[in-house]
Amino acid sequence: MNSTELFKTNINNLLKHFNVDKDTGLNDEEVIKRRQTYGRNELEKKKGDSLLVKFINQFKNFMVIILLVAALISGFVGELKDSIIIMIIVILNAVLGLIQENKAEKSLEALKNMTTPLAKVIRDGKLIQIKSTDLVPGDIVTIESGDYVPADGRILDSSSLHVEESALTGESLPVAKNTNIPEGDNIPLGDRKNMVYSTSMVTHGRGKILVTNTGMDTEIGKIAKMLDSEEKLKTPLQMKLDELSKYIGILALSVCVVIFLIGFFQGIPTLDMFMLTVSLAVAAIPEGLPAIVTIVLSLGVQRMIKKNAIIRRLPAVETLGTASVICSDKTGTLTQNKMTVTKVYGYENLIDAKDIDKIDDKAINLVIDIGLLCNDSTISSDDGKKKAIGDPTEIALVILAQQKGLLKKEQEQKMPRVNEIPFDSDRKLMTTIHNSDNQLKVFTKGACDVLLERCSKILINNEIKELTEEIKEEIRTANISMANKALRVLAFAYKDIKEIPKDITSDNVENDLVFAGLVGMIDPPREEVKHAVEKCKMAGIRPIMITGDYKITAVTIGKELGILDEGSTAIEGKELDEISDEELMKNIEKYSIYARVSPKHKVRIVKAWQSRGKIVAMTGDGVNDAPSLKRANIGCAMGITGTDVSKEASDMILTDDNFSTIVEAVEEGRNIYDNIKKSIHYLLSCNIGEVGVLFIALLFGLPRPLIPIHILWINLVTDSFPALSLGVNPPEKDIMNRKPRHPEESIFAQGLGVSIGVKGVIIGLVALLAFYTGWRYSLEVGRTMTFLTLSLSQFGNSLSVRSLDKSLFKIGIFSNKHLLGAIAISSVLMLSVVFIPFLRDIFELTNLNLNQWIIVLLYSLIPLTLGEIFKFLKFRKSN
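Overview of the structure.

**What about the overall build of the chain?**
Right, on to step 1. Each helix and strand counted, the chain has 33 helices and 26 strands in total.
Right, on to step 2. When the backbone C-alpha atoms are referred to their principal axes, the chain occupies close to 110 × 70 × 50 Å.
Right, on to step 3. Taken over 879 residues, the chain has a buried fraction of 54%.
Right, on to step 4. Nonlocal contacts in the chain, meaning residues at least 24 apart in sequence, comprise 72% of its contacts between residues at least 6 apart.
Right, on to step 5. Accessible surface for the chain amounts to roughly 39,100 Å². Of this, 57% is attributable to carbon and sulfur atoms.

Encoded structure:
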């Protein structure tokens, strides 16, 4: 069926064409058949480079090419052995680089696949949630405000449905959708009001659609080639390090040129010096640093996933470590979001929910009916297990009705929904219209203060009476009384109407209502949040509560969790409306709780904190939260209750909707940054040592302490494994006792730059001392001792850099088993070229006697020992 027939065909004929019933959907067997026919509901991905191409790319480094050319020349002039060994080492280096690059790419790809949107689909007569990629043509899907449309589809039912299709049609305003077949010929995509298209966004209302096309057959799939360019995300740190690598490269090349000239004027054969300096340049330039940083970031992201935080954008990992303010929603994030109705109120009649089945009061019964039918959640039974889909508040209302013996499906058949005005966070109301024995009933639920203003009457003792200001005040008192007990309060109202207005709006439906009653729900604070709030304060991070709930409820919970303390206060949305942005910026640090706020207030709160130089994390779950999530430095969407729109706007998704997860993610972000610094500390100090030993030796007219294959082997064996293992170093115990790092702070701040330089010089001098000691026996012994001392001292350095200011013994020698394993593997590889005769001859090394081995081991411990002494002195000075 072509695209014209899809929107022009009668809906019953279309359902026949797809062989599906709109109420029961497809069965599992049919889904499997159709998936085999149509494939997965996803766009074809651009094919990446093959392993062979990636391997060849490893040799595109300018210095590696020069080294290979030099090795070939060396082979032609008779130094065949050196030539072959150098080429083998370079190939091994390329293989290691390929493994690192592949691991980084796979980690980033896994990151993208973590956030596949879900779709609500009817299969076998049950509404279930599945990954949108599992949809097939013929599926019956429900969509609502905040969802992304998961596939192209024909609208079967709609209620106030508006869809934003700018990505496809260029139309920036949301388009009103309906079930009507458009008239005329050659109707453009944007005017097909009875169709919705993949990747467009539902901004308002709800609907049910028949999936007509999936994957590459969708309208967006037809222009998929235009979407082929993928965004290569790099963190600010990665970009800085790319730049740093270039500067280090230029500096290393300059030093290598100087070394070459010194050797040349000393009469050392030109080709030998050329090979030596090029090998040194290959070793000294940290071309693998960006790949190592990407892997460390990716490993950190994998750890965060295990802690219920999915990072959607890699720069967020770095930003997390600098967070200084966390603005969190109350419901579900600070609280458990396990709503339980505990109180039901009809005028002058407050009862416990557990006694609901014993009460026969018209107002109370109406509250239960309205709560059950003005409700989009469902509770189904699957293999004896109950499965709830929907908002926890609405699920609690369905469970309350079940206590009274009322089932949602049965009541909906008695009073089918014929129209509605969906809930939105600005209006704070939801309304449905039902047909009850040919009489139309309007059911409305929402915030008590808002709903009371829409009511003119009240049901008292089975009679409808005028709602006076005196009665309103009594209702408000009942509301406040429940809120004081940290209950979340909802109000319920109704009215009868003769006909449905042609254009349904809040103004012409949600007025002149009859007040029925209130419901109080308990949503206890999460037990772990109190500790997380304390942790925040110790880490110099300000926790802020933002809620649409009442100020009294928010303050009660805020005090219990430790968010509201002496010196801070709570403010309501209406008070925010009365103060200017400048005044809010000036007084922003006074407020720890924002109550009765709407999503538009969130953006102002974020801006005000940012104006004080703070890095802000903000949570959100609704469509209207998208602007504040984008504005925040770290937007945190809710994985359970969050809409697709909020997830798309976020940097991080909390799969458990838990405030504590944000705090753990901040801790992990700090640790990742720390570990990257440790890897840089290790690599650069070792590289300085390698360059230093040759530079000083040649400067003072000494023989070359190392030959090209020594340098390349040391670079291959000592660089990658320990540097990567430092990337998984456990967090230091005081990591959350530090103040947040300033985002503009240099990577070399807090003494790191000095430490790199000092340690590099010490490693170089110790290696030179080893050469001078061994040279007295023979040149081969001198080079062997230099080779071993340089390698082993670098392993000691990897242990030392695990902390800039804490002793190795304090942080625990065995606390990073990955590093110990890396040192063990690297040591075996290093010692194999000394102990295996065949390799020893190739590397032009020699056996050492016991005294020489003792000297090597003692010299190798000098950098580690001096580092630990320096830390001890620094610790004594600070205390």
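**Remarks on the packing of aromatic side chains**
Right, on to step 1. Enumeration according to the criterion identifies 7 aromatic pairs in this entry.
Right, on to step 2. Note on phenylalanine 771 and tryptophan 775: the rings are 6.0 Å apart at their centroids and 10 degrees apart in plane angle, and the pair reads as stacked. In this pair, phenylalanine 771 and tryptophan 775 both sit in helix 28 (residues 752–775), 4 residues apart, roughly one turn of the helix.
Right, on to step 3. Their ring planes at 5 degrees and their centres at 5.5 Å tell us that phenylalanine 835 and tryptophan 853 sit as a pair that is stacked. Remark: tryptophan 853 occurs in helix 33 (residues 850–878) and phenylalanine 835 occurs in helix 31 (residues 817–835); sequence separation between them is 18 residues.
Right, on to step 4. Here the aromatic residues Phe260, Phe264 and Phe265 are joined through ring pairs into a cluster of three or more.

**Focus: the environment of aspartate 656**
Right, on to step 1. In this fold, aspartate 656 is placed in the loop between strand 26 (652–654) and helix 26 (659–699).
Right, on to step 2. On the accessibility criterion, aspartate 656 (18% relative accessible area) is buried.
Right, on to step 3. Taking the C-alpha atoms as reference, aspartate 656 lies 43 Å from leucine 864; in sequence the two are 208 residues apart.
Right, on to step 4. Apart from the residues within four sequence positions on either side, aspartate 656 is in contact with Asn308, Arg526, Ile640 and Thr661.
Right, on to step 5. Of the polar contacts made by the side chain of aspartate 656, one reaches the side chain of threonine 661; its length is 2.8 Å.

**Some thoughts on helix 27 (residues 708–726)**
Right, on to step 1. The terminal C-alpha atoms of helix 27, which comprises 19 residues, lie 27 Å apart, in line with the 27 Å expected from a rise of 1.5 Å per residue.
Right, on to step 2. The buried fraction of helix 27 amounts to 17 of the 19 residues, a majority that puts the element mostly inside the structure.

**Considering the pairing of strand 20 (residues 513–522)**
Right, on to step 1. Within strand 20, 9 of the 10 residues are buried, which leaves the element mostly enclosed by the surrounding structure.
Right, on to step 2. Of the strand pairs in this sheet, strand 10 (residues 340–346) and strand 20 are connected by 5 bridges, and their pairing is antiparallel. Each residue of the ladder has a partner; that of valine 344, found in strand 20, is valine 519.
Right, on to step 3. Sheet topology note: the strand 17 (residues 455–460)/strand 20 ladder contains 3 bridges and is parallel. Note that in strand 20 the partner of cysteine 455 across the bridge is leucine 513.
Right, on to step 4. Note: strand 19 (residues 487–497) against strand 20, 8 bridges, orientation antiparallel.

**Thoughts on the sheet that holds strand 24 (residues 616–620)**
Right, on to step 1. Strand order in this open sheet of 8 strands is 8-26-25-24-9-21-23-22, and the pairing throughout is mixed. Strand pairing shows two members of the sheet lacking a second neighbour, strand 8 (309–311) and strand 22 (569–572), which therefore form its edges. Averaged over neighbouring strand pairs, the angle between their axes works out to 20 degrees when direction is ignored.
Right, on to step 2. Relative to strand 23 (residues 591–595), strand 21 (residues 542–546) runs parallel, the two sharing 2 bridges. Considered in strand 23, the bridge of methionine 545 is made with isoleucine 593.
Right, on to step 3. Against the sheet, helix 20 (residues 551–561) contacts strand 21, strand 22 and strand 23, and its axis sits at roughly 140 degrees relative to strand 23.

Parameters at a glance
- Residues numbered from 1 in each chain as written.
- Predicted model: local features only at pLDDT ≥ 70, side-chain atom pairs only at ≥ 80, totals over all residues.
- Heavy atoms only, no water.
- Helix = DSSP H or I, 4+ residues; strand = E, 2+ residues; numbered from the N terminus.
- Buried < 20%, exposed > 50% of the residue type's maximum accessible area, 1.4 Å probe, protein only.
- Contact = heavy atoms within 4.5 Å.
- Areas by Shrake-Rupley, 256 points an atom, 1.4 Å probe, with all protein chains shown as cover.
- Phe/Tyr/Trp six-rings, centres within 6.5 Å; stacked < 30°, edge-to-face > 60°.
- Polar contact = N/O pair within 3.5 Å; in protein donor to acceptor, adjacent residues only side chain to side chain.
- Expected span 1.5 Å × (residues − 1).
- Pairing = 2+ DSSP bridges.
- Axes fitted to C-alpha atoms, helices over the stretch in contact; angles between N-to-C directions.

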